[in-house]
Amino acid sequence: MPGAERLEVGRVTKAHGLRGEVVVHLTSDYPEARLAPGSRLHAGPDELVVRSARPHQDRWLVLFEGVVDRPAAERLAGRALSGEALDDPEALWVHELIGSRVVEEETGVDRGRVVSVVANPAHELLELESGALVPVVFVRSCVDGGTLIAPPPRLFDLDSSS
């Protein structure tokens, strides 16, 4: 997807060791695609090419081409990493959900626009402009600015003041 919008996929937290490795907190669900040797990521205007990556605790140790010592690795610390959107028709992408109109699959009722996606331990939640929260497990599709949902009965009848 040349020229496509870049999405934040992680962050360099710090340098690791003396030979240019950095610790990366990856937020992408596709580590095999994002960190494969030869993959291209961006730290602001700088393009970084992955030379190698390996899991380390809950993060990754990554070596980028041209980053050969600790001082070079330290210059990357704290920088956000972005990458091109991946082509996965089964995936739900936050950038496609935000701003989309949410419509119930069975009834056709328009529930309004998604204003944010809220992290939640069980499932992420779509926050609608009305303040309603919809677990993403009820999303059936997200196409052309619309998000089709199949909510359980009475999901929108719940009153938080009860």
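Above this text is the structure in question.
Being a predicted model, the structure only gives us computed values, none of them experimental. (Residues numbered from 1 in each chain as written. Predicted model: local features only at pLDDT ≥ 70, side-chain atom pairs only at ≥ 80, totals over all residues. Heavy atoms only, no water.)

Asker: Can you walk me through the sheet that holds strand 11 (residues 139–143) in this structure?
Answerer: Sheet strands associate in pairs through backbone hydrogen bonding, adopting either a parallel or an antiparallel arrangement. Taken together, six strands build an open sheet; the order of strands is 10-9-8-7-12-11 and the sheet is mixed. If you trace the sheet from one side to the other, it starts and ends with strand 10 (133–135) and strand 11, each paired once. When the angles between neighbouring strand axes are averaged without regard to direction, this sheet yields 35°. (Pairing = 2+ DSSP bridges. Helix = DSSP H or I, 4+ residues; strand = E, 2+ residues; numbered from the N terminus. Axes fitted to C-alpha atoms, helices over the stretch in contact; angles between N-to-C directions.)

Asker: Any chance you could explain the pairing of strand 2 (residues 21–26) here in plain terms?
Answerer: Two faces make up the sheet, and in a regular strand the side chains alternate between them. With five of its six residues buried, strand 2 lies for the most part within the structure. When strand 1 (residues 6–16) meets strand 2, the two strands line up antiparallel, connected through six bridges. If you follow V12 over to strand 2, its bridge partner there is V24. Hairpin connection, strand 1 to strand 2: the antiparallel pair is bridged by four residues, and G17 has positive phi, about 75°. As paired strands, strand 2 and strand 5 (residues 59–64) are joined by three bridges and run antiparallel to one another. (Buried < 20%, exposed > 50% of the residue type's maximum accessible area, 1.4 Å probe, protein only.)

Asker: I would appreciate a short explanation of unusual backbone geometry in the present structure.
Answerer: Backbone geometry follows two general trends: most residues other than glycine have a negative phi, and most peptide bonds adopt the trans configuration. Of note, Q57 is a non-glycine position whose phi angle comes to about 55°, a positive value. Taking relative accessible area as the criterion, Q57 reaches 74% and is therefore assigned exposed. With a phi close to 70°, R154 is a non-glycine residue in the positive phi region. On the secondary structure map, R154 appears in the segment after strand 12 (146–149).

Asker: What is the right way to read the nonpolar core from this model?
Answerer: Across soluble globular proteins, nonpolar side chains have a tendency to be buried as a group. In terms of nonpolar packing, the biggest core is built from 18 residues, with V22, V24, L41, V62, F64, L76 and L81 touching the most fellow members. Broken down by secondary-structure element, the contributors of at least two residues to this core are strand 1, strand 2, strand 3 (40–43), strand 4 (46–56), strand 5 and helix 2 (70–74). When sequence neighbours within four positions are dropped, the list of residues in contact with L41 reads V9, R34, L35, D46, E47, L48, V50, F64, L81, S82 and G83. In this structure, A132, V136, C142 and L155 belong to the second largest nonpolar core, which totals 12 residues. (Core = buried A, V, L, I, M, F, W, Y, C linked by side-chain atoms within 4.5 Å. Contact = heavy atoms within 4.5 Å.)

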